[in-house]
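Residues per chain are reported as follows:
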Amino acid sequence: MSHAMSDDQVANELKKMTAFIRQEALEKAKEIQIKADEEFAIEKSKLVRQETSTIDSIYAKKHKQASMSQQITRSTLANKTRIKVLSARQELLDELFEKARGRLGGYSKDKGNYEGMCRGLVLEGLYALNEGKVAVRARKGDVEVVKKAIEGAKKEYKEKLGKDVVVELDEKNPQPEGSPGGVSIVGGGGKIDINNTLDERLKLLETDALPMVRTTLFGKNENRRFYD
């Protein structure tokens, strides 16, 4: 048979329940706080990593831009310097060939050497054409010297190849008097003209001997891999 609780007993039970509920609430609140702290720490760590990554990315980008800018600056300066050096070298080469061009006219003054030179130029044309009859054109002032040169070239041609060649001096179509000298050898019925004038030979020298002249004046180019 149950007995009704007294007021004191009821009050005591209420205190126990209140204490229990309060304890449960405190523990729950503690759990919530711990979980909140953990989530905050995780989120904070995540944000720190993101910010750190962003800062690193910005720094890396700026560093790359600065490095590229330095490379471009160095490359630009190197190219400007290279262009200046090449320009100075080209000016020197142009000056050398211009001086050589100015001295071409003097070769015809020494008749003996000039005759030998013309003989060689005529002979070269005879070998190149390999025809039975050719014409030679020279300056009016060189007619006598070139006639002797032709006879010498014909003789050597026969000695080397064992056959005669007819060489006529084309006095109707002389080389311009402004020419520094030399001859042209015409074959193929007037269709083939081997220009062996001194100014033309100098032009060929500028092209063919230029690499050798460069090496002689400025040394070997270490950056060059291929040679003709």
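For the structure itself, look to the data block above.
The model shown is predicted, which means the values in this text are computed figures rather than measured ones. (Residues numbered from 1 in each chain as written. Predicted model: local features only at pLDDT ≥ 70, side-chain atom pairs only at ≥ 80, totals over all residues. Heavy atoms only, no water.)

Colleague: Help me understand unusual backbone geometry, please; the structure alone is not making it clear to me.
Modeller: Note on backbone geometry: most residues besides glycine have negative phi, and most peptide bonds are trans. Residues other than glycine seldom take positive phi values, yet Asn130 does so here, at roughly 50°. Along the chain, Asn130 turns up in the loop between α2 (111-129) and β1 (133-137). (Helix = DSSP H or I, 4+ residues; strand = E, 2+ residues; numbered from the N terminus.)

Colleague: Which parts of the structure should I look at to understand helix α3 (residues 143-161)?
Modeller: The α-helix advances 3.6 residues per turn, and as a result positions three or four apart in sequence lie on the same side. Here α3 is 19 residues long and its end C-alpha atoms lie 26 Å apart, about the 27 Å a rise of 1.5 Å per residue gives. Among the residues of α3, those classed as buried are Val143, Val145, Val146, Ala149, Ile150, Ala153 and Tyr157. Considered in projection along α3, the buried side chains sweep an arc of 135° and stay on one side of the axis. In α3, the exposed positions that point more than 90 degrees away from the buried face belong to Glu144, Lys148, Lys155 and Glu159. (Expected span 1.5 Å × (residues − 1). Buried < 20%, exposed > 50% of the residue type's maximum accessible area, 1.4 Å probe, protein only. Arc of directions from axis to C-beta.)

Colleague: In this structure, what is going on with the pattern of salt bridges? I would like to understand it.
Modeller: Oppositely charged side chains are able to pair whenever their charged atoms sit close together. Within the structure shown, the criterion is met by eight salt bridges. Across the pair Glu168 and Lys133 runs a salt bridge whose closest N-O atoms are separated by 3.4 Å. A residue pair is termed long-range when its members are at least 10 positions apart, and Glu168 in strand β2 (residues 166-169) and Lys133 in strand β1 qualify at 35 residues. Overall, the relative accessible area of 40% leaves Glu168 in the partly exposed class. (Salt bridge = Lys/Arg side-chain N within 4 Å of Asp/Glu carboxyl O.)

Colleague: Even after reading the chapter, I still don't get the nonpolar core, so can you show me in this structure?
Modeller: A general tendency of soluble globular proteins is for nonpolar side chains to be buried together. Ranked by internal contacts, the top residues of the largest apolar core, which has 24 residues, are Leu126, Val136, Val146 and Val183. Elements with a minimum of two residues in this core: α2, β1, α3, β2 and β3 (182-187). (Core = buried A, V, L, I, M, F, W, Y, C linked by side-chain atoms within 4.5 Å.)

Colleague: Sorry, what's going on with the sheet that holds β3 here?
Modeller: Strand pairing in a sheet takes place through backbone hydrogen bonds and is either antiparallel or parallel in direction. Pairing in this open sheet of four strands is mixed, and the strands run β2-β1-β3-β4 from one edge to the other. Only two strands of the sheet have a single partner each, and these edge strands are β2 and β4 (192-197). On average, adjacent strands in this sheet sit at an angle of 25° to one another, irrespective of strand direction. With four bridges connecting them, β1 and β2 associate as parallel partners. Counted as the bridge partner of Lys133 is Val166 from β2. Packed on one face of the sheet, α2 meets β1, β2, β3 and β4 and runs near 20° to β3. Docked against the sheet, helix α4 (residues 198-208) engages β3 and β4, running at close to 85° with respect to β4. (Pairing = 2+ DSSP bridges. Axes fitted to C-alpha atoms, helices over the stretch in contact; angles between N-to-C directions. Contact = heavy atoms within 4.5 Å.)

Colleague: Explain the packing of α2 against α3 here, please?
Modeller: Packed helices, taken two at a time, are described by their axes: the angle between them and the distance between them. Here α2 crosses α3 at 45°, and the two axes come no closer than 8 Å. When the axes of α2 and α3 are compared, the pair comes out oblique. The two elements α2 and α3 cross, and the hand of that crossing is right-handed. From α2, Lys111, Tyr114, Glu115, Cys118, Arg119, Val122, Leu123, Leu126 and Tyr127 reach across to α3, where they touch Val145, Val146, Lys148, Ala149, Ile150, Gly152, Ala153, Glu156, Tyr157, Lys160 and Leu161. (Parallel < 35°, antiparallel > 145°, perpendicular 65-115°, else oblique. Left-handed = near helix turned anticlockwise from the far one by under 90°.)

Colleague: Just checking my understanding: could you explain α2 for this structure?
Modeller: Taking 1.5 Å per residue, 19 residues should reach 27 Å; α2 reaches 27 Å between its end C-alpha atoms and fits that length. Of all the residues in α2, the buried ones are Tyr114, Cys118, Leu121, Val122, Leu123, Gly125, Leu126 and Leu129. Taken together, the buried residues of α2 touch β1, α3, β2, β3, β4 and α4. The first or second residue beyond α2 is Asn130, which carries a positive phi of 50°.

Colleague: Help me understand the pairing of β3, please; the structure alone is not making it clear to me.
Modeller: Consecutive residues of a regular strand have side chains that alternate between opposite faces of the sheet. Extensive coverage of β3 is indicated by the burial of six of its six residues. The side-chain alternation of β3 yields two buried faces, one formed by Gly182, Ser184 and Val186 and the other by Val183, Ile185 and Gly187. Two elements, β1 and β3, share three bridges in a ladder whose sense is antiparallel. Counted as the bridge partner of Arg137 is Ser184 from β3. Pairing analysis gives six bridges linking β3 to β4, with the strands arranged antiparallel. When the bridges of β4 are listed, Gly182 appears paired with Thr197. Following β3, the chain reverses through four residues before pairing antiparallel with β4; Gly188 in that reversal takes a positive phi of roughly 60°.

Scope: geometric values only; no functional claims are made or implied.
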